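For reference, the chains in residue letters:
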Amino acid sequence: MFIQVHDSLQMRQNYPLAIYYFGYHHHQEHVIRMHGLDVYQLFYCESGRGEILTQNKKFLIGKGEVFILSPKTYCEYYSISDEPWIVDIIGFRGSLADAIVNRLNLAQPSIFTLSRNFDFPEFVKNLIDIAKEPNSQIELSTYCYKLLLLLTNTLTPVLPITENNSDIITEKVIPYIQKNYLKDICLDEIADACKISKGHLCHQFKEEFGQTINNYIISLKIAQARQKLIFSPEKSIGEIAIECGFSSASYFGYKFKKIMGMSPNQYRLIN
């Protein structure tokens, strides 16, 4: 369940800390955001396992663990387990959000374990009833602040699974692909630009991300297309296909259905 808080944007902007959306028992899909969102995102893993890539670091999140994504920062996250990756999410921001997050030492990306005596899903579930009430943002704002304060006494940081600052894949290859994926780039171009042999590039990338570079590029294009399908309803499927770097609408439709399990039109209708 994923819920957008319906109070007006102007009303929410008046609060030093405001909840913009939340998800309860959400089946998390593969997400790639080139510039992140303009809110902090607080994740709690109910079941399954996920991998999160942000700020040149890779994190593994499992059951009972918490992660915070900063606003306007590249991020990618996806399931790495056979069972569904189920999460609870709170998206929040406000004039004091940065100061509060920094003060509570939650600004740097990290995985946290959660004390067993704190029921995070139940806390998020309570938001459902609160959000149903008219002009609920005051109580939601208070609830969010209370949650952050409680978390500071119940979280223990866990080190990232890999520090990639010196790794050529995340230091050079990923940024190059992110900058150029809408163009018709090939492996030779990527290898030349990053000063690495094509063979080593393909091997290292597959080792790091469990997929080929071509599949990764397609996933970036599909992620961009999903945003356009939802937020640019005036654009045709063909226009979105070309804007997202696909050679034709038919090829776009084929790849989209292969990854998302439905056609672009079907995806647009249900979102």
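Everything below is about the structure printed above this text.
Here we summarise the structure given alongside this text. (Residues numbered from 1 in each chain as written. Predicted model: local features only at pLDDT ≥ 70, side-chain atom pairs only at ≥ 80, totals over all residues. Heavy atoms only, no water.)

Time to look at the overall build of the chain. A tally of regular secondary structure across the chain gives 11 helices and 12 strands. By the compact-globule yardstick of 18 Å for 271 residues, the chain fits well, its C-alpha radius of gyration being 20 Å. For the chain, the spread of C-alpha atoms along the principal axes amounts to about 55 × 45 × 35 Å. With 271 residues in all, the chain has 49% of them scored as buried. Expressed as a percentage of contacts within the chain between residues at least 6 apart in sequence, the contacts between residues at least 24 apart total 71%. When the accessible surface of the chain is split by element, carbon and sulfur atoms take 51% of a total near 13800 Å². In the chain, the 27 positive side-chain charges and the 28 negative ones have mean positions that sit 3 Å from each other. (Helix = DSSP H or I, 4+ residues; strand = E, 2+ residues; numbered from the N terminus. Rg over C-alpha atoms; globule rule 2.2 N^0.38 Å. Buried < 20%, exposed > 50% of the residue type's maximum accessible area, 1.4 Å probe, protein only. Contact = heavy atoms within 4.5 Å. Areas by Shrake-Rupley, 256 points an atom, 1.4 Å probe, with all protein chains shown as cover. Lys, Arg positive; Asp, Glu negative; His and termini not counted. Charge placed at Lys NZ, Arg CZ, Asp CG, Glu CD.)

What follows concerns unusual backbone geometry. You will see that His 25, though not glycine, has its phi angle at about 50 degrees, which is positive. With relative accessibility at 45%, the residue His 25 sits in the partly exposed group. Phi is positive for Lys 72, close to 55 degrees, though the residue is something other than glycine. Within the secondary structure, Lys 72 is located in the loop between β7 (65-69) and β8 (75-79).

This part takes up the nonpolar core. Membership of the largest hydrophobic core comes to 34 residues, with the highest contact counts inside it found for Phe 22, Leu 42, Ile 90, Phe 92, Phe 120 and Leu 127. Contributing elements (two or more residues each) for this core: β2 (18-27), β4 (40-47), β7, β9 (86-93), α2 (97-103), β10 (111-114), α3 (120-132) and α4 (137-152). Not counting residues up to four positions away in its chain, the partners in contact with Ile 90 are Ile 19, Tyr 21, Phe 22, Tyr 40, Gln 41, Leu 42, Val 124, Leu 127 and Leu 147. In this structure, Tyr 181, Ile 196, Phe 205 and Ala 223 belong to the second largest nonpolar core, which totals 23 residues. (Core = buried A, V, L, I, M, F, W, Y, C linked by side-chain atoms within 4.5 Å.)

The subject of this paragraph is the packing of aromatic side chains. Aromatic rings considered in pairs are described by the distance between their centres and by the relative angle of their planes. Per the stated rule, a full pass over the model turns up 15 aromatic pairs. Seen from their ring centres, Tyr 77 and Trp 85 are 6.5 Å apart, and the 80 degrees between their planes marks the pair as edge-to-face. Like Tyr 77, the residue Trp 85 is buried in the burial classification. Of the aromatic side chains, those joined through ring pairs into one cluster are Tyr 44, Phe 118, Phe 120, Phe 123 and Tyr 143. When the ring centre of Phe 209 is taken as origin, the NZ or CZ atom of Lys 58, which lies over that ring, is 5.4 Å away. Taking the ring centre of Phe 246 as reference, the NZ or CZ of Lys 221 above it sits at 5.7 Å. (Phe/Tyr/Trp six-rings, centres within 6.5 Å; stacked < 30°, edge-to-face > 60°. Lys NZ or Arg CZ within 6 Å of the ring centre and 35° of its normal.)

Following the criterion strictly, the structure yields 5 salt bridges and no others. Notably, a salt bridge pairs Glu 29 with Arg 226, separated by 3.5 Å at the nearest N-O pair. With Glu 29 in the loop between β2 and β3 (31-33) and Arg 226 in helix α8 (residues 213-231), this residue pair connects regions lying 197 residues apart in the sequence. Under the relative-accessibility criterion, Glu 29 is labelled partly exposed at 34%. Its relative accessible area of 9% is what places Arg 226 among the buried residues. (Salt bridge = Lys/Arg side-chain N within 4 Å of Asp/Glu carboxyl O.)

Helix length check: helix α7 (residues 198-209), at 12 residues, gives a terminal C-alpha distance of 16 Å against a target of 16 Å (1.5 Å per residue), a fit within 8%. Within the sequence span of α7, burial applies to Leu 201, Phe 205, Glu 208 and Phe 209. Along the axis of α7, the buried positions cluster into a sector of 70 degrees, meaning they face one direction only. Turned more than 90 degrees off the buried face of α7, the exposed positions are Gly 199 and Glu 207. Count one or two residues on from α7 and you reach Gly 210, which has phi positive near 70 degrees. (Expected span 1.5 Å × (residues − 1). Arc of directions from axis to C-beta.)

For any two helices packed against each other, one specifies the crossing angle of their axes together with the interaxial distance. Packing of helix α5 (residues 168-180) against α7 leaves a shortest axis separation of 12 Å and a crossing angle of 95 degrees. By the angle class used here, α5 and α7 are roughly perpendicular. Where α5 abuts α7, its residues Ile 169, Thr 170, Val 173, Ile 174 and Ile 177 lie against Leu 201, Gln 204, Phe 205, Glu 208 and Phe 209. (Axes fitted to C-alpha atoms, helices over the stretch in contact; angles between N-to-C directions. Parallel < 35°, antiparallel > 145°, perpendicular 65-115°, else oblique.)

α8 packs onto α5 with a crossing angle of 45 degrees between their chain directions and a minimal axis gap of 10 Å. By the angle between their axes, α5 is oblique relative to α8. For α5 against α8, the interelement crossing comes out right-handed. Together, Ile 174, Ile 177 and Gln 178 of α5 and Ile 213, Tyr 216, Ile 217 and Leu 220 of α8 make up the contact between the two elements. (Left-handed = near helix turned anticlockwise from the far one by under 90°.)

All right, on to helix α10 (residues 249-260) then. Helix length check: α10 (12 residues) gives 16 Å between terminal C-alpha atoms against 16 Å at 1.5 Å per residue, within 8%. Among all positions in α10, only Phe 252, Lys 255 and Phe 256 are buried. Angularly, the buried residues of α10 cover 100 degrees about the axis, an arc narrow enough to put them on a single face. Exposed and oriented more than 90 degrees from the buried face of α10 are Ser 250 and Lys 258. Summarising the contacts, the buried residues of α10 are in contact with α8, α9 (237-243) and α11 (264-270).

By themselves these figures say nothing about function.
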